[in-house]
Amino acid sequence: MYPDLKGKTAVVTGGTTGLGLAIVGRYLEEGMNVVADYVGELKVTDDLKALQDKYENTLIVFQADVTSEEEIDALSKEATDKFGGLDVWVNNAGIEKPFPTAEMPYDEWQKVINVNLNGTFLGTRAALRAFEKNFNKGSIINMSSVHQQIPWPTFAHYAASKGASKLFTETVALEYAEKGIRVNNICPGAIDTPINAEKFADPIQRMQTQSMVPMGEIGEPSYVSDAAAFLASEQAHYITGSSLFVDGGMKLYPSFQHGAG
Ligand code: NAI
């Protein structure tokens, strides 16, 4: 637990499922105020309902499409109006859909870049504006992926968006470092969330993915929310422009693990 987080306010995009929901739950446990963003029709799962019941005064669930300037600005305003400020913004929303690159429709390319990259820009800009308005140091966390580093055939749009997240994070971190605003990336490997539900429902595909993780385990969402709590906290006050891999060693060229090559 990180006592300095108590009473602070966070926005988490894509905050009602998977990694976003785990981060929302962890931040609420830390005593933070949280605005959990979702897009489209809200699905209230048992896990979300439990948080809404337990944290009725500190959790707001708010609809905003991360690709819309107006909706992202409204999301930021909701946090500052309802909770009196903003301290942490997590750009977590993300999508993927595989296509061989030669067959990838242009609108599918654009959709992924729009949510994963443009959404991260719009969220970051809204957070910076809110931090600067209140002379707040603030922390931005971008949900990147091991695929900011590992190429991923048929996911060229996704890998491009996450690769861009790395240099975007580093650039904004440098630009705002002297104001004490920190910007970091989390790079999950293979984590059990809705984005992987179909793949992991097939035992063969699950085993295949697991065999690419040197630590031999598909990750739990809490492994990522632990990293998000740390990066938001004062314990990480000297960390900016970093990419924290939460991947059981997936980026370490697992095919070399037993001395092959
Ligand atoms: P998920 O599918 O549960 O979460 C994605 C969330 O983003 C959903 O709640 C979805 O509704 C939301 N979203 C999509 N488009 C949106 C939009 N236009 N506006 C607002 N919200 C939108 O899957 P997961 O795994 O929790 O993904 C979260 C992030 O983690 C994504 O950025 C993903 O790329 C990243 N990631 C996940 C990994 C994994 O193994 N689960 C591995 C590496 C990265």
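What counts and what doesn't
- Residues numbered from 1 in each chain as written.
- Predicted model: local features only at pLDDT ≥ 70, side-chain atom pairs only at ≥ 80, totals over all residues.
- Heavy atoms only, no water.
- Helix = DSSP H or I, 4+ residues; strand = E, 2+ residues; numbered from the N terminus.
- Expected span 1.5 Å × (residues − 1).
- Contact = heavy atoms within 4.5 Å.
- Buried < 20%, exposed > 50% of the residue type's maximum accessible area, 1.4 Å probe, protein only.
- Salt bridge = Lys/Arg side-chain N within 4 Å of Asp/Glu carboxyl O.
- Axes fitted to C-alpha atoms, helices over the stretch in contact; angles between N-to-C directions.
- Parallel < 35°, antiparallel > 145°, perpendicular 65-115°, else oblique.
- Left-handed = near helix turned anticlockwise from the far one by under 90°.
- Near = heavy atom within 4 Å.
- Polar contact = N/O pair within 3.5 Å; in protein donor to acceptor, adjacent residues only side chain to side chain.
- Areas by Shrake-Rupley, 256 points an atom, 1.4 Å probe, with all protein chains shown as cover.
- Nonpolar A, V, L, I, M, F, W, Y, C, P; charged D, E, K, R; others polar.

Engineer: What is the right way to look at helix H8 (residues 221-232) in this model?
Structural biologist: Structurally, the α-helix is built with 3.6 residues per turn, so residues lying three or four positions apart point the same way. Along its twelve residues, H8 runs 17 Å from first to last C-alpha, staying within 8% of the 16 Å computed at 1.5 Å per residue. Those residues of H8 that are buried lie in contact with helix H1 (18-29), strand E4 (88-91), strand E5 (139-143), strand E6 (182-188) and strand E7 (243-246).

Engineer: How should I be thinking about unusual backbone geometry in this particular structure?
Structural biologist: Most peptide bonds take the trans configuration, and most residues that are not glycine carry a negative phi. Non-glycine residue Phe-135 carries a positive phi angle of around 50 degrees. Within the fold, Phe-135 resides in the loop between helix H4 (106-133) and E5. Residue Phe-135 is classed as exposed on the basis of its relative accessible area, which comes to 80%. Although it is not a glycine, Tyr-253 adopts a positive phi angle of roughly 50 degrees. Looking at where Tyr-253 falls in the secondary structure, it is placed in the segment after E7.

Engineer: Got a minute to help me understand the pattern of salt bridges in this structure?
Structural biologist: Close approach of charged atoms allows side chains with opposite charge to pair. Inspection of the entire model under this criterion finds twelve salt bridges. A salt bridge links Lys-8 to Asp-4; the shortest N-O distance between them is 3.9 Å. Close ionic contact of Arg-206 with Asp-192 constitutes a salt bridge, the shortest N to O distance being 3.3 Å. Taken together, the residues span a long stretch of sequence, with Arg-206 in helix H7 (residues 203-210) and Asp-192 in the loop between E6 and helix H6 (197-201) at a distance of 14 residues. Put simply, Arg-26, Glu-30 and Asp-226 are held in one network by salt bridges that share partners.

Engineer: What should I look at first to understand the packing of H1 against H8 in this one?
Structural biologist: Packed helices, taken two at a time, are described by their axes: the angle between them and the distance between them. Contact pair H1 / H8: the axes reach a minimum separation of 8 Å and the direction vectors enclose 50 degrees. Here H8 runs oblique to H1, going by the angle between their axes. Remark: the crossing between H1 and H8 carries right-handed chirality. In this structure, H1 uses Gly-18, Leu-19, Ala-22, Ile-23, Arg-26 and Tyr-27 to contact H8, whose residues at the interface are Pro-221, Val-224, Ser-225, Asp-226, Ala-228, Ala-229 and Ala-232.

Engineer: Can you help me understand the site of the ligand in this one?
Structural biologist: Taken together, 27 residues lie near the ligand, and Thr-17, Leu-19, Asn-92, Tyr-158 and Thr-193 sit nearest. Between an oxygen atom of the ligand and a main-chain N or O atom of Leu-19, the distance comes to 2.8 Å. Interatomic distance of 3.1 Å between a side-chain N/O atom of Lys-162 and an oxygen atom of the ligand. Protein contacts shield 90% of the accessible area of the ligand, which totals 820 Å² for the unbound molecule. Contributing elements (two or more residues each) for the shell around the ligand: H1 and helix H5 (156-176). The residue inventory of the shell around the ligand, partitioned by class, reads 14 nonpolar, ten polar and three charged.

Engineer: Help me out: how do you make sense of the environment of Leu-5 in this one?
Structural biologist: Among the structural elements, Leu-5 can be located in the segment before strand E1 (9-12). In this structure Leu-5 comes out as buried when scored by relative accessible area, which is 0%. Between the alpha carbons of Leu-5 and Glu-29 there is a distance of 9.9 Å; along the sequence they are 24 residues apart. With near-sequence residues (within four places) excluded, Leu-5 lies in contact with Glu-30, Gly-31, Met-32, Ala-229, Ala-232 and Ser-233.

Shape is all these values report; function is a separate question.
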